[in-house]
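Per-entry structural report
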Amino acid sequence: MGKPDTRRLDKAIHETTRKLDAVRQREMWPLDGRERRAVLGAVATGSYRVVRGNSPGRAERKIETAWQSAETRLVAEIAALRAERQRVVTDAAKTKAAKKSSGWW
């Protein structure tokens, strides 16, 4: 029995890590629709308030909250993928150990 097939999980972990790095650099592409709408809505609200001569404080907090929620979502997704990968590796090891111990001598 060879190594467990974790390529799919490794690829997903790598992709999600790239998304997390992009979110930390405030890039828009990894955001889902809800998060993208929240950021763009807060930007529009904040710029309207600035044009009107008011403070954009609440809009800035809303933008920061949206970025933090995206980062939290991606961190949780990476943790879940890593846990699933560990489960696959552990199951493969148990299967290999059971096959070795079930020899007829």
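Above this text is the structure in question.
A brief look at the structure comes next. Quick caveat, the model's predicted, so the values are computed rather than measured. Sequence positions are assigned chain by chain, starting from 1 and proceeding in written order. Only residues with pLDDT of 70 or above have their local features reported here, since the model is predicted, and side-chain atom pairs are shown and tallied only from 80 upward, although totals for entire chains, interfaces and linings are computed over all residues. For the side-chain quantities, the full set of heavy atoms in the structure was used; hydrogens and water were omitted.

Overview of unusual backbone geometry
For the record, the criterion: Numbering of helices and strands runs from the N terminus; a helix is a DSSP stretch of H or I covering at least four residues, while a strand is a stretch of E covering at least two. Only protein chains enter the calculation, and the probe is 1.4 Å; a residue is then buried if its accessible area is under 20% of its type maximum, exposed if over 50%, and partly exposed in between.
Unusually for a residue other than glycine, Arg26 sits at a positive phi of about 65°. Note that Arg26 resides in the loop between α1 (7-24) and α2 (33-51). By relative accessible area, which is 35% here, Arg26 ends up partly exposed.

Comments concerning the side chain of Thr16
Counted only if it meets this: The contact rule is simple, with two residues in contact once any of their heavy atoms fall within 4.5 Å.
Positionally, Thr16 belongs in helix α1. Since its relative accessible area comes to 4%, Thr16 is described here as buried. Leaving out residues up to four positions away in the same chain, Thr16 has contacts with Leu74, Glu77, Ile78 and Leu81.

Details of the environment of Gly41
Summarising the element assignment, Gly41 is placed in helix α2. In this structure, the C-alpha to C-alpha distance between Gly41 and Ala83, residues 42 residues apart in sequence, is 35 Å.

With respect to the environment of Lys3
You can see Lys3 is positioned in the segment before α1. Given the relative accessible area of 81%, Lys3 is considered exposed. When the C-alpha positions of Lys3 and Val89 are compared, they lie 8.3 Å apart, and in sequence the two are 86 residues distant.

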